[in-house]
Amino acid sequence: MPIVFDEVTGEIEPPRRGEEGQEAAPRQDAAPAEDFDARLARALRLREERLARLCDR
C-alpha cells in the first residue's frame, strides 16, 4: 500500500502588540507565603522519614 502525502498550505500570523506582552510575561502564582512554608515543612518531614527508613534496612 503506497503512502500518499497531501499538500498542506497556510500562513502563520505574527502576534499582535497586545498579545505579545501577555504571553511573554511569566505567570505568577498567587500562593501565599504560608503555603510555601507548609509545603517546605512537609517536604523536609518526608525527607527525614525516607532517610530513617533507608537507615533501618
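Here, every reference points to the structure presented above.
Since the model is a prediction, treat every value here as computed from it, not as a measurement.

K.L.:
How do you make sense of the overall build of the chain when you look at a structure like this?
P.N.:
Looking only at helices and strands, the chain features two helices and zero strands. Summed over all atoms, the accessible surface of the chain reaches about 6,500 Å², with 53% contributed by carbon and sulfur.

K.L.:
Please explain the pattern of salt bridges as it appears in this structure.
P.N.:
Oppositely charged side chains may form a pair once their charged atoms are brought near each other. In this structure the tally under the stated criterion is one salt bridge. Between Glu48 and Arg47 there is a salt bridge whose closest N-O contact spans 3.6 Å. Take Glu48: its relative accessible area is 48%, and that puts it in the partly exposed class. Residue class for Arg47 comes out partly exposed when judged on its relative accessible area of 46%.

K.L.:
Explanation requested: a nonpolar patch on the surface in the structure shown.
P.N.:
A surface patch of nonpolar side chains, amounting to about 290 Å² of accessible area, comprises Phe36, Leu40 and Leu44. Take Phe36: it is sitting in helix 2 (residues 33-56).

Parameters at a glance
- Residues numbered from 1 in each chain as written.
- Predicted model: local features only at pLDDT ≥ 70, side-chain atom pairs only at ≥ 80, totals over all residues.
- Heavy atoms only, no water.
- Helix = DSSP H or I, 4+ residues; strand = E, 2+ residues; numbered from the N terminus.
- Areas by Shrake-Rupley, 256 points an atom, 1.4 Å probe, with all protein chains shown as cover.
- Salt bridge = Lys/Arg side-chain N within 4 Å of Asp/Glu carboxyl O.
- Buried < 20%, exposed > 50% of the residue type's maximum accessible area, 1.4 Å probe, protein only.
- Patch = residues over 30% accessible without salt bridge, like charges linked within 9 Å, V, L, I, M, F, W, Y side chains within 5 Å.

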